[in-house]
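Letter by letter, the chains look like this.
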Amino acid sequence: MTKIKLATVWLAGCSGCHMSFLDLDEWLFDLAEKVDVVYSPIADVKEYPEGVDVCLVEGAISNEENLEFIHQVRERTKFLISFGDCAVTANVPAMRNMLGKADHVLRRAYLELGEVTPQFPHEPGIVPELIDRVTPVHEVVPVDLYLPGCPPPAERIRAAIEPLLRGEKPVMEGREMIKFG
Amino acid sequence: MAVKSIKINGRMVSARAGESILEAAEDAGIHIPRLCHVEGVSDVAACRMCLVKVEGNNKFVPACMTPVEEEMIVETETPKLQEYRRMIVELLFAEGNHVCAVCVVNGNCQLQDLAIEVGMDHSRFEYRFPVRGVDLSHRLFGRDDNRCILCTRCVRVCDEIEGAHVWDVAGRGSKSRIVSGLKEPWGKVDACTECGKCVESCPTGALFFKGSAVGEMERDRDKLKFLITARQKKEWTR
């Protein structure tokens, strides 16, 4: 049997969802028998490969790199999971949306709080520009499964992934599975 | 006492005359989701969560405000009602700024509970990210408009139980907001008796006790110093 190609990506989030994923501890050995992790921030792979079966997307869409990347991920992935509250609701990264456009946070971070040579970062092709409105993943590309939580507890991640390995869709119901926060 | 016989979800239920469908269902052990209803004060049907189908009526009616009638046939869980309820909760989340992860009532929130109850795993509606304020002028309590869903529980509890009538709704449509006094900072409203009933009634984290937010966890370091030096200095009180 060919192994399932699993990827995880990290957009505008704190990496807490990935930490929670690692909290699956010894079950990760069982998982590794069934999947090939073909792309992940915790594996040094430069390019997101073609033909990915399942991808966990952590984080909201907050800058131009996130925006471009999520389209590539969607194109190359069969089953996309919004992984954690930032991906599902835009969560904390979107709290800048209430302040208006991106320049508000840039001004605060780089001018008002910049002690030495305060200036806006501008390095096209190196530092991605912030987009004006932070959005959840499903406002940009279609999502196949929502896995809320900040972060989703390890048990919830397992309960969502395990059925997928058998080719079944998990039942996302009840406090254990869909509580936000 | 007059008794009315009604049918809820195919079950015969006897109710007192004048009772609402919500109360009759509750007495019979049938749960109808609700958000603005709070035991002991009048109902206003603000949240629309308790909408039910009454046979012969082509519109859904709020169970909290509809009195029982003889031989009424009520359905509380039709697929359409379930779909509408989920939509209402999604709209509530999209309408305000509800960030459970950084909220003082995360894990103890009736809006969060309701999202679980109706099976909301994401919002299909675009988030509005409205600009709203926070009032921390009161010495004991705080108000965060970002989390307010306009259920008006606080308005009714303060008026009907405490009799102080600190709260009202100001503005119209999407600009409607809860205001204290004559739209004054809460701390400046003399009518407030500091009873805290509004905070107890709030289903979300919109009204909260000060000191419960993450940034407010103040430490009393001087207490340690006092304990350590009490014997030397013979200071037993401070």
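Our subject is the structure listed above.
Heads up: these notes are all about the structure in this document. Quantities reported herein were computed from a predicted structural model and do not represent experimental measurements.

Things to note about the pairing of strand β8 (residues 167-170) of chain B
Residue and element names in this part refer to chain B.
Part 1 of the argument: As paired elements, β8 and strand β9 (residues 177-180) share 4 bridges and run antiparallel to each other. Among the inter-strand pairings, Val-169 is bridged to a residue of β9, identified as Ile-178.
Part 2 of the argument: Following β8, the chain reverses through 6 residues before pairing antiparallel with β9; Gly-171 in that reversal takes a positive phi of roughly 85°.

Looking at the sheet that holds strand β7 (residues 141-144) of chain B
Pairing between the strands of a sheet comes from backbone hydrogen bonds, and it takes one of two forms, parallel or antiparallel.
All names here are of chain B.
Part 1 of the argument: Taken in spatial order, the 3 strands of this open sheet run β6-β7-β10, and their pairing is antiparallel. The sheet is open, and its two edges are formed by β6 (134-135) and β10 (207-209), each paired on a single side.
Part 2 of the argument: Summarising the sheet, β6 and β7 pair through 2 bridges and their orientation is antiparallel. Its bridge partner lying in β7, Asp-135 is registered against Arg-143.

Structural notes on the sheet that holds strand β2 (residues 35-39) of chain A
Residues and elements named next belong to chain A.
Part 1 of the argument: The 5 strands are arranged β2-β1-β3-β5-β7 in an open sheet whose pairing can be described as parallel. The two strands at the open ends of the sheet, each matched to only one other strand, are β2 and β7 (145-147). Within the sheet, the average angular offset between the axes of one strand and its neighbour, ignoring direction, is 25°.
Part 2 of the argument: Strand direction decides the pairing type here: strand β1 (residues 4-10) and strand β3 (residues 52-58), joined by 5 bridges, are parallel. Looking at the pairing, Leu-6 lines up with Val-54 of β3.
Part 3 of the argument: Against the sheet, helix α6 (residues 154-165) contacts β1, β3, β5 (77-83) and β7, and its axis sits at roughly 155° relative to β7.

The rules we used
Residues numbered from 1 in each chain as written. Chains lettered and ligands numbered in written order. Predicted model: local features only at pLDDT ≥ 70, side-chain atom pairs only at ≥ 80, totals over all residues. Pairing = 2+ DSSP bridges. Helix = DSSP H or I, 4+ residues; strand = E, 2+ residues; numbered from the N terminus. Axes fitted to C-alpha atoms, helices over the stretch in contact; angles between N-to-C directions. Contact = placed C-beta atoms within 7 Å.

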